[in-house]
Amino acid sequence: MLSYPLTLLLSCAPILAFLIIGIAMELTAPRQRYSLGSRWPGGLWLFIQPGLFMLAAYPITSLWRRLGMEPVFDLTPLGFLAGVAAMLLLVDGLRYLGHRIEHKICWPFHAVHHSIRELHSANSFAHPVEGLVEAFCVVIPLSLIHVPREVVLVAGAIIGLQSVVIHAPTRLHMGPLRAILVDSRFHRIHHSVEAVHFDKNFGFLFSFWDRLFGTLHDPAPSEWPATGIDDLPPPRTFAGMLAHPLQHFGWHRASRRTSG
């Protein structure tokens, strides 16, 4: 198994590639333009986030090895293509579940992500506490499944790229495929300041989770709402992001946001 520092270093190249793709989409077919100066803080967070994810994953997988626990499921018999499809469905379903929990239980922390007003592919930072939700809802279940390395790499690349481009303010969209896949027009509804959009469109990769669980809002072609939270400005520094839930947002506001 690769060491933690080496794995983290290897993750930087695809993240940079994803950022380049997302920004290229924004510049070639812009739906809304933002300053270049607004891009670097969120872009930096994209490089920090995988490290936090791996910090959670390594101790858990190491614990299972020490206990001699074998994987509960093995995706190897499915083959490469079916394995990638199964991995994408599994990860996105778990992330949908975790996302619902963030809104219901951890909203003051998740509100840091929703406070973003200049939403683009290089500006999708989140509070580190959300990593705990990710650990319980995604990392632990995945740690009990054996997935071939090539499946992990391809599925991880698709998920990583999708996480960047769904925040891009671009005219490019999935069209009829939005019935299955999430695009930036679909995901922007989730970040909308309009009350009618609250608690809608939780999916990251597949949009049918929202249809299945009654959280779907299919945007009209002209529907491009402002994002953020009206009375909660986004943090300007990393320290400000850590203190954001305590300084700017009380737990009592969770009821307002989660009642949509």
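Computed from a predicted model, the values in this text were never measured in an experiment.

*Asks:* How do you make sense of the overall build of the protein when you look at a structure like this?
*Replies:* Along the backbone of the protein there are ten helices and two strands. Secondary structure elements in the protein, listed N-terminal to C-terminal, are α-α-β-α-α-α-β-α-α-α-α-α. Residues counted as buried form 49% of the 260 residues belonging to the protein. Considering only contacts within the protein whose residues lie at least 6 apart along the sequence, 79% involve residues at least 24 apart. As presented, the protein carries roughly 12,900 Å² of accessible surface, and 71% of it is formed by carbon and sulfur atoms.

*Asks:* Please clarify how a nonpolar patch on the surface should be interpreted in this entry.
*Replies:* Among the surface-exposed residues, Phe80, Leu81, Leu153, Val154 and Ile158 lie close enough to one another that they form a single nonpolar patch of about 470 Å² accessible area. Where the nonpolar patch is concerned, the elements lending two or more residues are α3 (80-104) and α6 (149-165). It is α6 that contributes the most residues to the nonpolar patch, three residues altogether. Relative to the assigned elements, valine 154 resides in helix α6.

*Asks:* Explain the pattern of salt bridges to me, please; I cannot follow it from the model alone.
*Replies:* Pairing of side chains with opposite charge becomes possible as their charged atoms draw close. Enumeration according to the criterion identifies two salt bridges in this entry. Between arginine 178 and aspartate 183 there is a salt bridge, with the nearest N and O atoms lying 3.2 Å from each other. The partner of arginine 178 in a salt bridge is aspartate 218, and the shortest N-O contact between them spans 3.4 Å. Here the residue arginine 178 occupies a position in the loop between α6 and α7 (184-190), and aspartate 218 occupies one in the loop between α8 (208-213) and α9 (238-248), the gap between them amounting to 40 residues. Sharing partners across several salt bridges, the network here consists of Arg178, Asp183 and Asp218.

*Asks:* Sorry if this is basic, but what is going on with the packing of aromatic side chains here?
*Replies:* Each aromatic ring pair is summarised here by two numbers: the centre-to-centre distance and the angle between the ring planes. Considering all chains together, one arrives at four aromatic pairs under this definition. With a centroid separation of 6.1 Å and 80° between ring planes, the pair formed by tyrosine 96 and phenylalanine 202 is classed as edge-to-face. You can see tyrosine 96 sitting in helix α3 and its partner phenylalanine 202 sitting in the loop between α7 and α8, a full 106 residues away along the chain. Summarising the aromatic geometry, the rings of tyrosine 96 and phenylalanine 213 are spaced 5.5 Å apart at their centres and angled 25° between planes, so their arrangement reads as stacked. One end of the pair, tyrosine 96, is in helix α3; the other, phenylalanine 213, is in helix α8, with 117 residues separating them in the sequence. The buried category is assigned to tyrosine 96, whose relative accessible area is 4%. Joined through ring pairs, the aromatic side chains of Tyr96, Phe202 and Phe213 make up one cluster. We note arginine 95 situated over the ring of phenylalanine 204; from NZ or CZ to the ring centre the distance is 4.0 Å.

*Asks:* Looking at this structure, how should I read the nonpolar core?
*Replies:* Nonpolar side chains in soluble globular proteins generally cluster together in the buried interior. Ranked by size, the top nonpolar core spans 21 residues in total, and within it Met87, Leu88, Leu142 and Val147 carry the most contacts. If you list the elements that add at least two residues to this core, you get α3, α5 (130-143) and α6. Leucine 88 has contacts with Ala155, Ile158, Ile159, Leu205 and Phe206, leaving out every residue within four places of it along the chain. Residues Val112, Ile116, Leu119 and Phe125 belong to the second largest nonpolar core, which totals five residues.

Rules used in this analysis
- Residues numbered from 1 in each chain as written.
- Predicted model: local features only at pLDDT ≥ 70, side-chain atom pairs only at ≥ 80, totals over all residues.
- Heavy atoms only, no water.
- Helix = DSSP H or I, 4+ residues; strand = E, 2+ residues; numbered from the N terminus.
- Buried < 20%, exposed > 50% of the residue type's maximum accessible area, 1.4 Å probe, protein only.
- Contact = heavy atoms within 4.5 Å.
- Areas by Shrake-Rupley, 256 points an atom, 1.4 Å probe, with all protein chains shown as cover.
- Patch = residues over 30% accessible without salt bridge, like charges linked within 9 Å, V, L, I, M, F, W, Y side chains within 5 Å.
- Salt bridge = Lys/Arg side-chain N within 4 Å of Asp/Glu carboxyl O.
- Phe/Tyr/Trp six-rings, centres within 6.5 Å; stacked < 30°, edge-to-face > 60°.
- Lys NZ or Arg CZ within 6 Å of the ring centre and 35° of its normal.
- Core = buried A, V, L, I, M, F, W, Y, C linked by side-chain atoms within 4.5 Å.

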